[in-house]
Amino acid sequence: MAGVCEPVVSAVTFCEGVGPADGPRPGPERRVRQHACRGRSSNTQAKAHVPRADATPPLGDARLRGVVERAPVAMAVLDRELRYLAVSRRFLIDHGLGAVALIGRLHDDVFPPVPERWSTLLERCVAGATERLEASPYPRPDGRPKAVRWDITPWYTDAHEIGGLILVSDVLTEREPVREQRGQGQKMQALGHLAGGVAHDFNNLLTIILGYSELLTRQIGPDKSIGRDLRQIMAAAQRAATLTRQLLAFSRKQVLKVAPVDLSAVVADVEPMFRRLIGEQITVETVLARDLPPVMADVAQLEHVLMNLVVNARDAMPRGGVVTMATGPAELDRDYAFTHPGAKAGSYAMVSVRDTGIGMSPEIRARVFEPLFTTKERGHGTGLGLAAVYGIVKQLGGYIGVDSAPGRGTTFEIYLPTTTEAVLAPQVPLPLVASPVGREAILLVEDDDNARAFVKTVLERYGYRVLDANSAEAAVTLLDSQHPSIQLLLTDVVLPGLDGRELAARVTRAQPHVPVLYMSGYMGRLRTAKGFHEPGVQLLEKPFTAHALLTRTRELLGQADDREPVGASPPRDSTGDLVPQ
Ligand SMILES: Nc1ncnc2c1ncn2[C@@H]1O[C@H](COP(=O)(O)OP(=O)(O)OP(=O)(O)O)[C@@H](O)[C@H]1O
Ligand SMILES: [Mg+2]
């Protein structure tokens, strides 16, 4: 114990010696002080057993080396000859020393060539001075110069002789952006909240615009001039819906249909499409890991993520180049998490997209995930692509990193946590062309009056009986008082009071055979989509078309042919669709 405490006491001496008189002393020094105080009390108890420090090799105790090793600052303890006695892991990371065995080595051998003023300074410290070296750009062993602040102080033996030096360093060029990134994270969260709310309201409006335009187009017929105008409205609404989806993705409130996914399989599936998309000037390469552990993700959203990254890569290579998509397993350790805000230590599968394009300046790189940030000409970029990518990755519990420099190309790396669940075989959707009809009773719950009226109109025109309620509570009252037999629950996910999932749980307790179709594009306070992909549970993403509503309804209720309304067949148009009455 004695050996553990002795140099820590020296650290106290150091801290107290350079206290308030030296002006404000941020970060590391304060942490050393806390550390030191704990060390001092245990030292008092152990004092009687302390052997003379000059009789023992200083810091020879493995436990003491362990304490320094785990110190949450970049620090090293050297002897009078400037030989390393103990060093913290932070020190190794900050100075790019990795697994270099430092103990016993001379400082000059580790940091060659030591500049003249640095050796003079060390000599002064060995003679008893305490020095601070502000932001001295120092070439590290890995060749990259860094602005580092050094605090150097001697440590003393029990005989009050200088035993060597304590170095504490703070890498300014790396820490400042890290702090900045943390602030950036909070800003992104606030923006996400705002975007989510706006997108939610927009989705309801777009469902109505798209839905009624579609109904009118069918009534009027596609050839009339009004029909063409209506198609323009629908096309514009579809574009607005795409933007809304990006906003929702950014706000992490998008409904994700997560299932175990093999990232290599996803990349292999999209590769041929990307080749066509990005033209002949650009070569697409893939480096895919086999037997990659699966991740919980939504395949459609992952494809969207890759598409955004690849389109950006294409735009960054106007004169051609190479885009490489790669996958692989990855372990992120605590040091990585410490130096990369937003990353958590753990097991991941990684997918990266690298290009050989123009690259980015640090200023652009720092803002790429901000919604509406674009460097592209007006009309060529909305600045929502990477914001959506960021939101999707975060919603999946992952981490996205970017490495880029002007003229050196760009690499985006996405880390998604692995799962032990097995990848499921892909499901083939039922081929349904015409909007199918039915006659079942559907309980419709939607708090937006206009959206509810639209859905009710569509379903009733196609033969269904619709009981509607504007809240889950109203739906429960209706069920309790009238005891209707219903064949489907069609409900919004986000409702005031009880939400859609809570309502579904109540309904299926009473009528277990009733399938549930959720309508939503927005998760609201529901944090995950867990349970949404269970059998009998389906999601209809807002905004949706009348055709999508009818098709999904029919899918859940069973094949249309089995349930065609009895009696006279309703009139149909040339596509086989029912002619609305
Ligand atoms: N691979 C890349 N190389 C260089 N710069 C990039 C790259 N990817 C993104 N950027 C920069 O980040 C900005 C934001 O990208 P983001 O995808 O969010 O929006 P956008 O591409 O400008 O517009 P949108 O994706 O909405 O069409 C881009 O305008 C560009 O300056
Ligand atoms: Mg983009």
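The rules behind the values
Per chain, the residues get numbers from 1 upward, laid out in the order the sequence is written. Ligands are numbered from 1 and chains lettered from A, in the order in which they are written. Whole-chain, interface and lining totals are the exception, using all residues; otherwise, since this is a predicted model, local features are given only for residues with pLDDT of at least 70 and side-chain atom pairs are given and counted only at 80 or more. Note that water and hydrogens are dropped before the side-chain values are worked out from all heavy atoms of the structure. Patch rule: a residue counts if its relative accessible area is over 30% and it has no salt bridge; like charges are joined within 9 Å, and nonpolar side chains (Val, Leu, Ile, Met, Phe, Trp, Tyr) within 5 Å. Here, Shrake-Rupley sampling with a 1.4 Å probe gives the accessible areas, and only protein chains in the shown set may cover a residue. By definition, a salt bridge exists where a carboxyl oxygen of Asp or Glu is found within 4 Å of a side-chain nitrogen of Lys or Arg. Helix and strand definitions here come from DSSP, where helices need a minimum of 4 consecutive H or I residues and strands a minimum of 2 consecutive E residues; each element is numbered from the N-terminal end. Only protein chains enter the calculation, and the probe is 1.4 Å; a residue is then buried if its accessible area is under 20% of its type maximum, exposed if over 50%, and partly exposed in between. The criterion for a residue being near a molecule or strand is simple. One of its heavy atoms has to lie within 4 Å of it. For the purposes of these results, a polar contact is taken to be a pair of N or O atoms within 3.5 Å, where, inside protein, one atom must be able to donate a hydrogen and its partner to accept one; residues adjacent in sequence count only when each atom of the pair is a side-chain atom. Polar here means any residue other than Ala, Val, Leu, Ile, Met, Phe, Trp, Tyr, Cys and Pro, which are nonpolar, and Asp, Glu, Lys and Arg, which are charged; Gly is therefore polar. A fitted line through C-alpha atoms represents every axis, and for helices the fit uses only the stretch in contact; the resulting angles, taken between N-to-C directions, go from 0 to 180 degrees. It is the rotation of the near helix from the far one that decides the hand of a crossing: anticlockwise by less than a right angle makes it left-handed, clockwise makes it right-handed. Contacts: residue pairs with any heavy atoms within 4.5 Å of one another. Looking down the strands as they point away from you, a crossover is right-handed if its path from the first strand over the helix to the second goes clockwise.

Engineer: Honestly, a nonpolar patch on the surface in this entry has me stumped. Any pointers?
Structural biologist: A cluster of nonpolar side chains, contributed by Leu-194, Val-198 and Phe-202, occupies part of the molecular surface with about 280 Å² of accessible area. Among the structural elements, Val-198 can be located in helix H7 (residues 172-220). On the basis of relative accessibility, which here comes to 38%, the residue Val-198 falls in the partly exposed class.

Engineer: Before we go on, may I ask you to explain the site of ligand 1 in this structure?
Structural biologist: Taken together, 20 residues sit near ligand 1, with Asn-312, Thr-374, Thr-375, Lys-376 and Thr-382 positioned nearest. Separating an oxygen atom of ligand 1 from a backbone N or O atom of Leu-384 is a distance of 3.2 Å. For ligand 1, whose accessible area on its own is 590 Å², the fraction buried by protein is 91%. Those elements that provide at least two residues to the shell around ligand 1 are helix H10 (299-315), helix H13 (385-395) and strand E12 (410-417). Along the lines of polarity and charge, the residues of the shell around ligand 1 split into nine nonpolar, nine polar and two charged.

Engineer: Can you walk me through the packing of helix H14 (residues 449-461) against helix H17 (residues 546-557) in this structure?
Structural biologist: Helix packing geometry: the angle between the two helix axes and the distance between the axes. Where H14 meets H17, the axes come as close as 10 Å, and the angle between the chain directions of the two elements is 65°. Read as a crossing pair, H14 and H17 show a hand that is right-handed. Across from Phe-454, Val-455, Val-458 and Leu-459 in H14, the residues of H17 making contact are Ala-546, Leu-549, Leu-550 and Thr-553. Per-class residue counts for the contact of H14 with H17 are seven nonpolar, one polar and no charged.

Engineer: Help me understand the pattern of salt bridges in this model?
Structural biologist: Side chains bearing opposite charge may pair, as long as their charged atoms lie close to each other. Here the structure, examined in full by the defined rule, presents 15 salt bridges. In this structure, the salt-bridge partner of Glu-131 is Arg-124, at a minimum N-O distance of 2.8 Å. With a relative accessible area of 19%, Glu-131 lands in the buried category. Among the salt bridges present, the one from Lys-542 reaches Asp-492, with a minimum N-O distance of 3.4 Å. Here the residue Lys-542 occupies a position in the loop between strand E17 (537-540) and H17, and Asp-492 occupies one in strand E15 (residues 488-492), the gap between them amounting to 50 residues. Grouping residues by exposure puts Lys-542 and Asp-492 together as buried.

Engineer: Quick question: what am I supposed to make of the pairing of E15 here?
Structural biologist: Consecutive residues of a regular strand have side chains that alternate between opposite faces of the sheet. Summarising burial for E15: five of the five residues are buried, a large majority. Judged by which residues are buried, E15 turns out to be covered on both faces: Leu-488, Leu-490 and Asp-492 on one side and Leu-489 and Thr-491 on the other are all buried. Regarding the hand of the β-α-β motif, the stretch spanning E15, helix H16 (residues 500-510) and strand E16 (residues 516-519) is right-handed.

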